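Observations on chain architecture
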Amino acid sequence: VHPHTIMNNMRPSTGISRRRRSAIGAAATLKRRRTNNYYHYRREDLAFFVFCCCIFAIPMKALMDWIVSQTFSPATVEVKQHSYTEEGLIINGDPKCVKTKSPIGSPFGRAADNLQLGPCAYFFEEKQAPPGGWLHDIDYFFDRPGQQLEAKEQCYLDCLRGLAEDEITPSFLIRAAQMKLPKVVQTLMDDYGMDPLYKVKSTDGIPRLNAVQEAVHGGYPVVLKTLTRGNIKLVIDNYGRTVEDYITMRASPIRPFHALKYFGIKVPETNLSPLIAFNDTEFEKLEERQGWTSKTDYPHEYDNTCDIDVVNELSREEFYREYLLPGRPVLIRDQAADDELQAFSKKYWQTTTDFHPSSKHKVGPTAYPSLTDQKACDTKLSISEMENATECPTMPGIPMVHARHPTNRDLELLYPATNGEVLNPTHSWAKLTEFFHVHSHRKHRMQLFWGGDGSGATFHWHLSAFNILYAGLKEWRLAPPLFRGYTGMPASKVQLDASFSLKCTQKPGDLLWFPDYWGHMTINHRFSIGAAIIHGGYRDLNVEPEMRARDDALHNTASERETIETLVPRHDEQAPAKTEAEVPDFFFVHINKCGGSSMISMLNERCPGQWRNEKWSSPALLRTFHCSAQCWIDRWGGKAWNDQYSFAIVRHPLARAVSNFFFLIDQCSKKRSKICEERAISTHYNGVVINALADDELKINLFHSWVEKAYKLFPPGSHNHHLFGSHAHNNDVYSTFNATMTSWMVNADGEIAVDEVYRLEEMASGGMDKLSTKIPCLKNAATASERFLAEQEQEESTEEHPHLPAQQQHVQLATKNTSPPYPDYERFAANRRTKEIFLEVYAADFHNFGYKWPDPSRLQVQASE
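What comes next is a walk through the structure.

Criteria and cut-off values
- Residues numbered from 1 in each chain as written.
- Predicted model: local features only at pLDDT ≥ 70, side-chain atom pairs only at ≥ 80, totals over all residues.
- Heavy atoms only, no water.
- Helix = DSSP H or I, 4+ residues; strand = E, 2+ residues; numbered from the N terminus.
- Buried < 20%, exposed > 50% of the residue type's maximum accessible area, 1.4 Å probe, protein only.
- Contact = heavy atoms within 4.5 Å.
- Areas by Shrake-Rupley, 256 points an atom, 1.4 Å probe, with all protein chains shown as cover.
- Disulfide = S-S within 2.5 Å.
- Pairing = 2+ DSSP bridges.
- Axes fitted to C-alpha atoms, helices over the stretch in contact; angles between N-to-C directions.
- Phe/Tyr/Trp six-rings, centres within 6.5 Å; stacked < 30°, edge-to-face > 60°.
- Salt bridge = Lys/Arg side-chain N within 4 Å of Asp/Glu carboxyl O.
- Parallel < 35°, antiparallel > 145°, perpendicular 65-115°, else oblique.
- Nonpolar A, V, L, I, M, F, W, Y, C, P; charged D, E, K, R; others polar.

Remarks on the overall build of the protein chain
- Summing up its helical and strand segments, the protein chain has 33 helices and 28 strands in all.
- Split into buried and exposed, the 865 residues of the protein chain put 56% on the buried side.
- Residue pairs in contact within the protein chain that sit at least 24 positions apart in sequence constitute 73% of those at least 6 positions apart.
- When the accessible surface of the protein chain is totalled, it reaches about 37,300 Å², and 51% of it is carbon and sulfur.

Dropping the structure here:
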């Protein structure tokens, strides 16, 4: 280690007081002097230690440990270890491996991989930059460098050994199969006698899977062979089908080379030959009616064939039997009505403003460049430019694509025949309702795409989805979950191995479905427009601790398995159905420090018959005050949630954090030491002290110091990560809950479930008027926005906004939550480390709600003016 490195690392933090610095100096055993703002050891002391190293052959690591231990006394430098004594226990010193008392989320955002096996959890990134970088390589989820996969499986084996026998339920085997853990599967079967054909009961009629079916679903041959002991004649469903039947189906997740290698099965050639996807003549006529260019110069070879099944119609029972249970994708022809297709024609788009061919939109080399650390094109392109394959000036040679989550206004324009109602029974998305009981697209992630010739969505994966094409021609490449991955390469540059990938060409009106976690990518062969709805979650067990007794009781015998489809209920359907009279007319997701107290005050005053303040005790002590989306779903059930209007209010993540910090400081002055201790707030600078301070810079520095401290104490992925953002109000019983505002609004699948999200900054300028059209009881003689302004009084009335005239200053809320005076939140944006932490912790909020990091220089310019 270079001496300057040692010296730099020993430089006291600027946040340490002079008194603390002198204490550190007194505690050091080596004398030092101050030169050029660094501490230097005396030359004779350094010579002495070099002499010791040479004579006594002290290892360098031991020497460094000794220097640090002697220089910083335990009293002056406190190293905070994550304590899991209350919520969980680190297994064998691996911080990624935890035994927890309650479900926990992934530290890497949405937990797309099922990382929890009972109380055992391992933190494994959903995506990780591959060795060759995002622009030149693919991050295959199950083919990462080093010993990551081995460490993951060892974690679960070590955790299992520490569990009591009554903690391990039959559903563990299904989990282990889902997660591709062959050694855990072997242990559960050999040591605990678990049944590979066991399934748990369903209340919604959608089939869940036994462990053998899960192994097929994933395309995991080693897990499958372990579960079946190599018996390919084992009957695994109530249709009498065997392991061999599943493996030899067209587009089975168990690919032919694995079928031969592990099971000695040669897949029939008839199930490997491509099928004709559509009639060329009919496609040309439709293309002419839609009016978009049919020009394609893209050199990639394609044809109108599919490696997956292509059907003209599909009943619910056929879908369950042939595709959902075996885990196979399928293309259903001609599912879009003619009026739906014409709503995506060039002629119709020319009649709109938002989708007029001349309208410009944000584009990028991939649908969501930020997912792989890339940037969008810095120039917006018009739809006409994309139709003609115009390149981004700063990204030559890369076809551009546009992706968006459509707003209600977008849907009204794009689905005029149904007034924006996507799930109309006569239109393309009807299968989503028929197969999965989905009655509102708002509870799921709908996406709209368009791009020019050669563009497309690059290789990625997520939960299962339906995908419709409205214009153009789209080539699909699909890979079973075993081969799923992420890349930042443009779709046109990605090459997937033909031994495991499948292809299919989709024409307008065709609906393609793929199961959970299938890797997929698309390439447009001419200008194309498509849409997708990600639903997923049909395989999720959601076995909570309180369900274990019921889980054991459902353990069924071999004879019962032949006649009963036993499945697991979705978490959002577990709540008992309420009578229509009891269900609230609407649901408000009350996120802390986002104007929620004012909103509840208005609801109590004006909507007493429709809004009720309640408390309940399952799965924890919860109430309407600070109730998350999943809290409401648990309380009233998934159907009630889907049927009623739901909304939430958000604000800029930095503004929320600043407001929260000074609110907590105020609580410290009221001797609420438990809150202060929980959130790592120093009681020294309490509300009374802060009120007496006129130094804004000191207040700003206090906030930055707390941010860094809180980030270390409550890091992403820790059991108490939510404390970086807010007190949980018992919402931490849900695995999806964390520090972000997004986590307040998601369902058990990690998907935003509220109908509409309002930004606090816009509530007084029309947001309240819009909300009052949805909730009429909020209206009165004055406009809702005027009333909202009149209701504002305490929460942030002391925050200064020197750059705005008084009548335009920020929304002040009608609430008793007072805070000491503090500067405008944008003045807190200059600190580089705080910016880094916030862009990491609140990445989902910045992305989902359109916020940008403030420019602190703007305040200085406007203040001087």
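Examining the state of the cysteines
- Within the structure shown, the criterion is met by six disulfides.
- Note that C97 is cross-linked by a disulfide to C155, the S-S spacing being 2.0 Å. Taking the sign of the S-S torsion, about 85° here, the bridge from C97 to C155 comes out right-handed. In this pair, C97 sits in strand β4 (residues 94-100) while C155 sits in helix α5 (residues 148-161), placing the two residues 58 residues apart along the sequence.
- Overall, C97 belongs to the buried group, its relative accessible area being 2%.
- Note on cysteine connectivity: C306 is disulfide-linked to C504, with sulfurs 1.8 Å apart. Because the torsion about its S-S bond is 60°, the bridge between C306 and C504 counts as right-handed. With C306 in strand β9 (residues 305-306) and C504 in strand β20 (residues 502-506), the pair connects residues that are 198 residues apart, well separated along the chain. Per residue, the accessibility class of C306 equals that of C504, and both read buried.

Quick look at the sheet that holds strand β14 (residues 401-404)
- In spatial order, the strands read β10-β11-β21-β17-β23-β15-β14; together these seven strands make up an open sheet with mixed pairing. A single partner strand is all that each edge strand has here, and the edge strands are β10 (309-311) and β14. Between one strand axis and the next, the sheet turns through 20° on average, direction left out of account.
- When strand β15 (residues 445-451) meets strand β23 (residues 528-534), the two strands line up antiparallel, connected through seven bridges. Considered in β23, the bridge of R445 is made with I534.
- Contacts from helix α13 (residues 316-324) reach β10, β11 (330-332) and β21 (511-514), with the element oriented near 50° to β21.

Quick word on the packing of aromatic side chains
- Applying the stated criterion across every chain, the model contains 47 aromatic pairs.
- Measuring from ring centre to ring centre gives 5.0 Å for F141 and F142, while their planes differ by 85°; the resulting arrangement is edge-to-face. Across the pair, exposure class does not vary: F141 and F142 are buried alike.
- Arranged with centres 6.0 Å apart and planes meeting at 65°, the rings of F724 and F838 form a pair that is edge-to-face. Linking F724 in the loop between α27 (696-713) and α28 (742-745) with F838 in helix α31 (residues 832-841), this pair joins segments that are 114 residues apart in sequence. Just as F724 is buried, F838 falls in that class too.
- An aromatic cluster of three or more residues is present, and its members are F661, F662, F703, W706, F724, F828, F838, Y842, F846 and W853.

With respect to the sheet that holds strand β24 (residues 586-589)
- Spatially, three strands are ordered β24-β27-β28 in an open sheet, and the strand pairing comes out parallel. Every other strand in the sheet has two partners, leaving β24 and β28 (756-759) as the edge strands with one partner each. The average angle at which neighbouring strand axes cross in this sheet is 25°, direction not considered.
- Pairing of β24 with strand β27 (residues 645-650), which is carried by four bridges, proceeds in the parallel orientation. Each bridged residue has a counterpart across the sheet, and for F588 the counterpart in β27 is F647.
- Packing of helix α21 (residues 596-606) onto the sheet brings it into contact with β24 and β27, and relative to β24 it is tilted by some 155°.
- Sheet strands in contact with helix α29 (residues 767-774) are β27 and β28, and its direction is about 155° off that of β28.

Overview of the pattern of salt bridges
- Applying the stated rule across the entire model yields 33 salt bridges.
- With a shortest N-O distance of 3.5 Å, R404 and D410 are connected by a salt bridge.
- According to the relative accessible area criterion, D410 is buried, its value standing at 3%.
- A network of salt bridges, in which partner residues are shared, links D237, R241, R250, D309, E317, R321, E322 and R328.

Points about the packing of helix α6 (residues 171-178) against helix α8 (residues 211-218)
- As a packed pair, α6 and α8 sit with axes 8 Å apart at the nearest point and diverge in direction by 10°. Overall, the two elements α6 and α8 adopt an arrangement that is roughly parallel. When α6 is examined against α8, the residues L173, I174, A177 and Q178 are found in contact with a partner set consisting of A211, E214 and A215.
- When grouped by side-chain class, the residues that make up the contact of α6 with α8 number five nonpolar, one polar and one charged.

Remarks on the pairing of β23
- Along β23, seven of the seven residues are buried, which leaves the element largely enclosed by surrounding structure.
- Both faces of β23 are covered, namely the face carrying S528, G530, A532 and I534 and the face carrying I529, A531 and I533.
- In this sheet, β23 lies alongside strand β17 (residues 465-471) in antiparallel orientation, the contact comprising six bridges. Counterpart to A471 in the pairing with β23 is I529.

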